[in-house]
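Spelled out, the chains give:
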Amino acid sequence: MESLGPIITQLIAGAIGGNAASAVLKQDGINLVARTIAGAVGGLGGGLILNLIGSEALTGLIAQGISSLVAGGVLSAIVGAVLGRKA
């Protein structure tokens, strides 16, 4: 059960970051579900990258949450920009 804590933190923080970034950027081309999924996937990726390059001090839940928040926001912003383009 201990190993699920960081994963759940990454998913939640990524989803929050994805929705916050889309709200700030006023992206209408991507709906709530897609923003949440993109943010959660970005959060998992950000947490994984932090674990790969980070030291022991950077692997706590707070560091996981912050990195996942940022990564989720970035990925959601990218997805929103790509899907929001009108051809």
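Rules used in this analysis
- Residues numbered from 1 in each chain as written.
- Predicted model: local features only at pLDDT ≥ 70, side-chain atom pairs only at ≥ 80, totals over all residues.
- Heavy atoms only, no water.
- Axes fitted to C-alpha atoms, helices over the stretch in contact; angles between N-to-C directions.
- Helix = DSSP H or I, 4+ residues; strand = E, 2+ residues; numbered from the N terminus.
- Parallel < 35°, antiparallel > 145°, perpendicular 65-115°, else oblique.
- Left-handed = near helix turned anticlockwise from the far one by under 90°.
- Contact = heavy atoms within 4.5 Å.
- Nonpolar A, V, L, I, M, F, W, Y, C, P; charged D, E, K, R; others polar.
- UniProt positions renumbered as here; feature names shortened; annotations may be inferred.
- Buried < 20%, exposed > 50% of the residue type's maximum accessible area, 1.4 Å probe, protein only.
- Expected span 1.5 Å × (residues − 1).

Here we take up the packing of helix H1 (residues 4-25) against helix H2 (residues 32-53). Put simply, H1 and H2 touch, their axes get as near as 6 Å, and they point 130 degrees apart. Between H1 and H2, the interaxial angle falls into the category oblique. H1 and H2 meet at a crossing whose hand is right-handed. On the side of H1, the interface is formed by Ile7, Gln10, Leu11, Gly14, Ala15, Gly18, Asn19 and Ser22, while H2 contributes Leu32, Arg35, Thr36, Gly39, Ala40, Gly43, Leu44, Gly47, Leu48 and Asn51. When the residues that make up the contact of H1 with H2 are grouped by side-chain class, the tally is seven nonpolar, ten polar and one charged.

Attention now moves to the side chain of Arg35. By secondary structure assignment, the location of Arg35 is in helix H2. Here Arg35 is in contact with Gly18, Asn19, Ser22, Gln27, Ile30 and Ser76, once residues within four sequence places are set aside.

Per the UniProt record, "transmembrane region" (unreviewed entry) is annotated on residues 6-25, 32-55 and 61-83. Here residues 6-25 runs as 100% helix and 0% strand, with 28 Å between its end C-alpha atoms. Here residues 61-83 runs as 100% helix and 0% strand, with 32 Å between its end C-alpha atoms.

As a further point, take the side chain of Ser68. With respect to the helices and strands, the residue Ser68 is situated in helix H3 (residues 61-84). According to the relative accessible area criterion, Ser68 is buried, its value standing at 0%. In this structure Ser68 touches Gln10, Ala13, Gly14, Gly43 and Gly47, once residues within four positions along its chain are discounted.

It is worth spelling out the packing of H2 against H3 at this point. It is at 6 Å that the axes of H2 and H3 come closest, and there the two elements cross at 130 degrees. In terms of orientation, H2 lies oblique with respect to H3. Handedness of the H2/H3 crossing: right-handed. Residue-level inspection shows Arg35, Ala38, Gly39, Val41, Gly42, Gly43, Gly46, Gly47, Leu50 and Asn51 of H2 in contact with H3, the latter providing Ala63, Gln64, Ser67, Ser68, Ala71, Gly72, Leu75, Ser76 and Val79. When its residues are assigned to classes, the contact of H2 with H3 shows seven nonpolar, eleven polar and one charged.

Relative to the 32 Å expected for 22 residues at 1.5 Å per residue, H2 spans 31 Å between its end C-alpha atoms, a close match to the ideal helical length. Inspection of H2 places Arg35, Ala38, Gly39, Ala40, Gly42, Gly43, Gly46, Gly47 and Leu50 among the buried residues, and these make up the whole buried set. Contacts made by the buried residues of H2 are with H1 and H3.

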